[in-house]
Amino acid sequence: MFIVRWILGRIILLLNFVFAPKKRQRPQGQQATVDQQTQSLALYQYAACPFCVKVRREMRRQNLSINLVDAKQEQHKSVLTSQGGKLQVPCLRIEQDGKTQWLYESKAITSYLNERFA
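Small disclaimer: the values here were computed from a predicted structure and weren't measured. Residue indices follow the written sequence of each chain, beginning from 1 at its first position. Only residues with pLDDT of at least 70 are given local features in this predicted model, and only at 80 or more are side-chain atom pairs given and counted; all residues enter the totals for whole chains, interfaces and linings. Side-chain measures here rest on the full set of heavy atoms in the structure, leaving out hydrogens and waters.

Brief notes about the layout of surface pockets
Only protein atoms enter the 1 Å grid, on which a cavity is a set of points fitting a 1.4 Å probe that cannot get out and a pocket is an open set with protein on both sides within 12 Å along at least 5 of 7 lines, lining residues being those with an atom within 4 Å of a point. Grid points are joined across faces, edges and corners, and a volume is the space filled by probe spheres set on the points. Here the largest pocket defines a volume of roughly 340 Å³. Lining of the largest pocket is provided by Phe2, Arg5, Trp6, Leu8, Gly9, Arg10, Tyr46, Ala47, Ala48, Cys49, Asp70 and Lys72. The way it works is that DSSP assigns letters per residue, a run of H or I at least four long becomes a helix, a run of E at least two long becomes a strand, and they are numbered from the N terminus. When residues in the lining of the largest pocket are grouped by element, the largest group, 6 residues, is from helix 1 (residues 2-18). In this structure, the second largest pocket occupies an estimated 190 Å³ of space. As for the second largest pocket, its lining consists of 13 residues, and the residues nearest its centre are Arg56, Arg57, Met59, Arg60 and Leu64.

This is the structure in structure tokens:
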């Protein structure tokens, strides 16, 4: 089962690379503001997870430079479970006004990104 999952993951990554969405073009000043706002965001993800790929594609489409965190690494996994509440990816960590919010589910994350940065 591991081999099948590994092969499917690599196929997903290859297709994502080949059919990568075009980045949104913004005026330089506006892009700098967006880049500053994305510094308070982090996406906990697995490289070959199809739902994580969906979120990363939206990030590329919106031209967002959100920090990617590999949730398979033990230190990040423990942060995700202890602070976020569960080990589930994708998960967007949002730091705003001194508070931290953990947003799960790819559909909810892409909706949040579209509302905030579109």
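Considerations on the nonpolar core
Definition of nonpolar core: a set of buried residues of the types Ala, Val, Leu, Ile, Met, Phe, Trp, Tyr and Cys, connected through side-chain atoms within 4.5 Å. When accessible area is computed with a 1.4 Å probe and restricted to protein chains, residues below 20% of their type maximum are described as buried, those above 50% as exposed, and intermediate ones as partly exposed. Residues Leu41, Leu43, Ile66, Leu92, Ile109, Tyr112 and Leu113 are the most contacted members of the largest nonpolar core, which totals 14 residues. Elements supplying a minimum of two residues to this core: strand 1 (41-45), helix 3 (50-62), strand 3 (91-96) and helix 5 (106-117). In this structure, Tyr112 is in contact with Leu41, Leu92, Ile94, Gln96 and Leu103, ignoring residues within four places of it in sequence. Listed in part, the 11 residues of the second largest apolar core include Val69, Ala71, Val89 and Cys91. In this description, contact between two residues means that some pair of their heavy atoms is separated by no more than 4.5 Å.

A look at the packing of helix 3 against helix 5
Note on geometry: axes are C-alpha line fits, over the in-contact stretch for helices, and angles between N-to-C directions span 0 to 180 degrees. Two numbers describe how helix 3 lies on helix 5: the axes approach to 9 Å, and their chain directions differ by 10 degrees. Classed by the angle they form, the pair helix 3 and helix 5 counts as roughly parallel. The segment helix 3 lies against helix 5, with Phe51, Lys54, Val55, Glu58, Met59 and Gln62 engaging Ser106, Lys107, Ile109, Thr110, Leu113, Asn114 and Phe117. Broken down by class, the residue content of the contact of helix 3 with helix 5 amounts to 6 nonpolar, 4 polar and 3 charged. Reported orientations rely on four angle classes, namely roughly parallel under 35 degrees, roughly antiparallel over 145, roughly perpendicular from 65 to 115, and oblique for the rest. Side-chain classes are defined by residue name, with Ala, Val, Leu, Ile, Met, Phe, Trp, Tyr, Cys and Pro counting as nonpolar, Asp, Glu, Lys and Arg as charged, and the others, Gly among them, as polar.

A look at the packing of aromatic side chains
By convention, a stacked pair of Phe, Tyr or Trp rings (six-membered ring in the case of Trp) has centres within 6.5 Å and planes under 30 degrees apart, an edge-to-face pair has planes over 60 apart, and any other such pair is tilted. In this structure the tally under the stated criterion is 1 aromatic pair. Aromatic side chains Tyr44 and Trp102 sit 5.3 Å apart centroid to centroid with 50 degrees between the ring planes, which places their arrangement in the tilted category. Taken as a pair, Tyr44 in strand 1 and Trp102 in strand 4 (residues 99-104) lie far apart in primary sequence, 58 residues in all. In terms of burial, Tyr44 and Trp102 fall into one category: buried. The lysine or arginine in question, Lys72, covers the ring of Tyr46, its NZ or CZ lying 5.3 Å from the ring centre. It is Lys86 that lies over the ring of Tyr104; its NZ or CZ is 4.7 Å from the centre. Whether a charge sits over a ring comes down to the Lys NZ or Arg CZ being within 6 Å of the ring centre and within 35 degrees of the ring normal.

Focus on the pattern of salt bridges
Salt-bridge detection follows one rule: a side-chain nitrogen of Lys or Arg within 4 Å of a carboxyl oxygen of Asp or Glu. Under the counting rule described, the total for this entry stands at 2 salt bridges. Note that Glu58 is salt-bridged to Arg61, the shortest N-O span being 2.7 Å. Of this pair, Glu58 and Arg61 are both found in helix 3, 3 residues apart, which corresponds to roughly one turn of the helix. With a shortest N-O distance of 3.1 Å, Arg93 and Glu95 are connected by a salt bridge.

Digging into the side chain of Arg56
Considering the arrangement of structural elements, one finds Arg56 in helix 3. Among buried charged residues, Arg56 stands out as having no salt bridge; its nearest opposite-charge side chain is Asp70, 8.6 Å away. Those residues within four positions of Arg56 in sequence are excluded, and the remaining contacts are Leu13, Leu43, Gln45, Tyr46, Ala47 and Leu68. In this count, Lys and Arg are taken as positive residues and Asp and Glu as negative ones, while His and the chain termini are left out.

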